[in-house]
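# Residue-level structural notes
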There are 2 protein chains.
Amino acid sequence: MANNNHIVIMAGGIGSRLWPVSTPECPKQFIDVTGSGRSLIQMTVDRFLPVAPMENFWVVTGARYVQQVREQLPQIPESHILAEPEGRNTAPCIAYACRKVAKVAPSANVVVTPSDALVVDTKLFTSVIGKALEAVNGSGKIVTIGIKPTRPETGYGYICAESLEQEQVVKVSEFREKPDLETAKSYLAAGNFFWNAGIFVWNVATINAQLQKYAPQITGVMDKIEPFLFTPQEDAALREHFCECEKISIDYAVMEKSPDIYVIACEPQWSDLGTWVAVKEHIIPDADGNCVVGDARLFDCKNCIVHVPAGGQIVLQGLRDSIVALKNGRLLICQLSEDQAIKEMSKF
Amino acid sequence: MANNNHIVIMAGGIGSRLWPVSTPECPKQFIDVTGSGRSLIQMTVDRFLPVAPMENFWVVTGARYVQQVREQLPQIPESHILAEPEGRNTAPCIAYACRKVAKVAPSANVVVTPSDALVVDTKLFTSVIGKALEAVNGSGKIVTIGIKPTRPETGYGYICAESLEQEQVVKVSEFREKPDLETAKSYLAAGNFFWNAGIFVWNVATINAQLQKYAPQITGVMDKIEPFLFTPQEDAALREHFCECEKISIDYAVMEKSPDIYVIACEPQWSDLGTWVAVKEHIIPDADGNCVVGDARLFDCKNCIVHVPAGGQIVLQGLRDSIVALKNGRLLICQLSEDQAIKEMSKF
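Attention now goes to the packing of aromatic side chains. Across all of its chains, the model carries 22 aromatic pairs over all chains by this definition. Measuring from ring centre to ring centre gives 4.1 Å for Y187(A) and F193(A), while their planes differ by 5°; the resulting arrangement is stacked. Note on accessibility: Y187(A) and F193(A) belong to one class, buried. Both rings, one in Y156(B) and one in W270(B), keep their centres 5.4 Å apart while their planes meet at 70°; by these two values the pair is edge-to-face. Here Y156(B), found in the loop between β6 (142-147) and β7 (158-161), pairs with W270(B), found in strand β11 (residues 270-271); they are 114 residues apart in sequence, far enough to count as distant. Assigned by exposure class, Y156(B) and W270(B) land together as buried.

Written out as structure tokens, the structure reads:
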């Protein structure tokens, strides 16, 4: 039964707010952001190993990252590392991956997940994923994972559930865009609004049928590529046609249109590690509240996040509430309060 | 006449308070500290070119720096780049260099100078050096250059002159060690105390005779090396004997003992660039008081000194009164007020 579970890891993104540690050449998912010894994509694989064997893992990434995926995840079959010729958002990415999964495992139950988030309570997470996989097995259900909000976050989309109940499969009443602060506060108070973590569980036949129904343009492109899947011509066909796909997220393309979507809400201490402030929350601080990844000497520093190379010679003195990040000669020094501006400030 | 002037540049030091830009591998004198486009040793040569031709320049440095001297000063004859097997302070350094100068130019008038200081008013400086050279020509005088103090500096030695007169050769009454703050204030008020910039002017016969008289131990060692000067055996003789020299400064060894020392005081806007704060004073600030060498993007930063590689990607936000220095993956961030602690903090 477990062998029918497949994991599709989407690894095409660029965490530009973690500059300069995350850069287009080596984005966030390939980095040991928290100093755990494992990159985020490696931790993502670790997290799903209890539900699927390594030969059922798939990674969809940009062509330039294929080598990094191979190096970091040598146990994943090479033919399961899919290279998008260009990023067209999540709907084409998922459509392509699920066509391939369907070809080798037509009745597969699939988890689609981002590669660059952190989950602290992996035991709870595994149990929730197990329930979702059960729910979609032999059914046409689509199940998303909703994260119980811990703050009125305006940076995420929300899933509105028909019930407050956690760790149970319940009906989604609607998906909501990133809210303003007032709206986010009302969501938090209501209790049946959950963060959309971008994790989806479905039977492969379900998603392919739903794409056919709600995203026929993308399905049409995939039909052109289909005859070449797993042949030497696949890459050429992909290069020729993939860019024809509408650039659209799976949320817009399917989730917000399909009437039969479910959510399992849970609180597994999830983080998208989207900003340095978010990263800081997941590193054990020293007595002065400094969270240090790498080697640095701190003198009279308080409440800083420091991400520097291991074995480097780094001396920091007199910093307060700051971000210090150094990689390959690129340097960021910034107040924690300005971490949302890093993306703009670092556009070189 | 000008051809009888020789310039001996002492370039064996390590500016450890300018870490990480100045390091034992590439100390301060070989660095473009102020962003002028020239290293300090190159600027030192430039400053003395009006008084002596390039073939009369000599550089005494550590063996590990010979290659850097050659690269930065290709016009200096290779045989004039002298490699000390180890640093034994300035008296042995000067004794060795002046033996060599005497061998090729027995009546040379010599200027001995550090390689890592800055002089802004080079015209005044050249005029003062010219006067000193005149004063020592055919006389047994030793002339030092005294810098008129602009603050009660406790980091320098002082020269007490018998007169307040500037830009004239006057008698030294005594040399004084680095004073405490109260004493430094009284020196500043007195008007006849000048900073000892470590610049000495003498006829080569004079210094060799004075060394014989006041530093016979060092002279004895030089006598052993003398037969091998300018022969293929010189380096071996130097390696065998140089380390026997007493480790002592020329100030202690000769200046403080000899009764016939003169000073020319002047105010050529001299700086030893001994600290980042001192460096900051010699870089033109932007509208927010930031002095930047290299390429960095500053957002809401005020009164900082920034020394980073050219063409790097550096983003600095929210800094006040800070030092940021980056070189070869080594990083310093420090309050300006703590710049005296850098030497200690950066002992790796």
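Moving on to the interface of chain B and chain A. Counting residues at the interface gives 25 residues for chain B, matched by 25 residues for chain A. Both sides together, the interface formed by chain B and chain A hides about 2400 Å², and carbon and sulfur atoms give 60% of it. In terms of surface lost to chain A, no three residues of chain B exceed Q313(B), Q317(B) and I333(B), which account for 29% of the buried area on that side. Connecting chain B to chain A are 0 salt bridges. Our count for the chain B to chain A interface comes out at 16 residue pairs in polar contact (both at pLDDT 80 or more). Every element with two or more residues in the side of chain B that touches chain A is listed here: β13 (297-299), β15 (314-317), β16 (322-327) and β17 (330-335) of chain B. No other element matches β17(B), which puts 6 residues into the side of chain B that touches chain A.

Next up on the list: the sheet that holds β13(B). Strand order in the open sheet made by the 6 strands is β12(A)-β14(A)-β16(A)-β17(A)-β15(B)-β13(B), with mixed pairing throughout. Both outer strands of the open sheet, β12 (291-293) of chain A together with β13 of chain B, are each paired with one neighbouring strand and no more. The sheet shows a mean angle of 5° between the axes of neighbouring strands, taken without regard to direction. Here 3 bridges tie β13(B) to β15(B), and the two strands are oriented parallel to one another. From the neighbouring strand, L298(B) faces β15(B), where its bridge partner is L316(B).

Calculation criteria
Residues numbered from 1 in each chain as written. Chains lettered and ligands numbered in written order. Predicted model: local features only at pLDDT ≥ 70, side-chain atom pairs only at ≥ 80, totals over all residues. Heavy atoms only, no water. Phe/Tyr/Trp six-rings, centres within 6.5 Å; stacked < 30°, edge-to-face > 60°. Buried < 20%, exposed > 50% of the residue type's maximum accessible area, 1.4 Å probe, protein only. Helix = DSSP H or I, 4+ residues; strand = E, 2+ residues; numbered from the N terminus. Contact = heavy atoms within 4.5 Å. Buried area = accessible area lost by both parts, 1.4 Å probe. Salt bridge = Lys/Arg side-chain N within 4 Å of Asp/Glu carboxyl O. Polar contact = N/O pair within 3.5 Å; in protein donor to acceptor, adjacent residues only side chain to side chain. Pairing = 2+ DSSP bridges. Axes fitted to C-alpha atoms, helices over the stretch in contact; angles between N-to-C directions.

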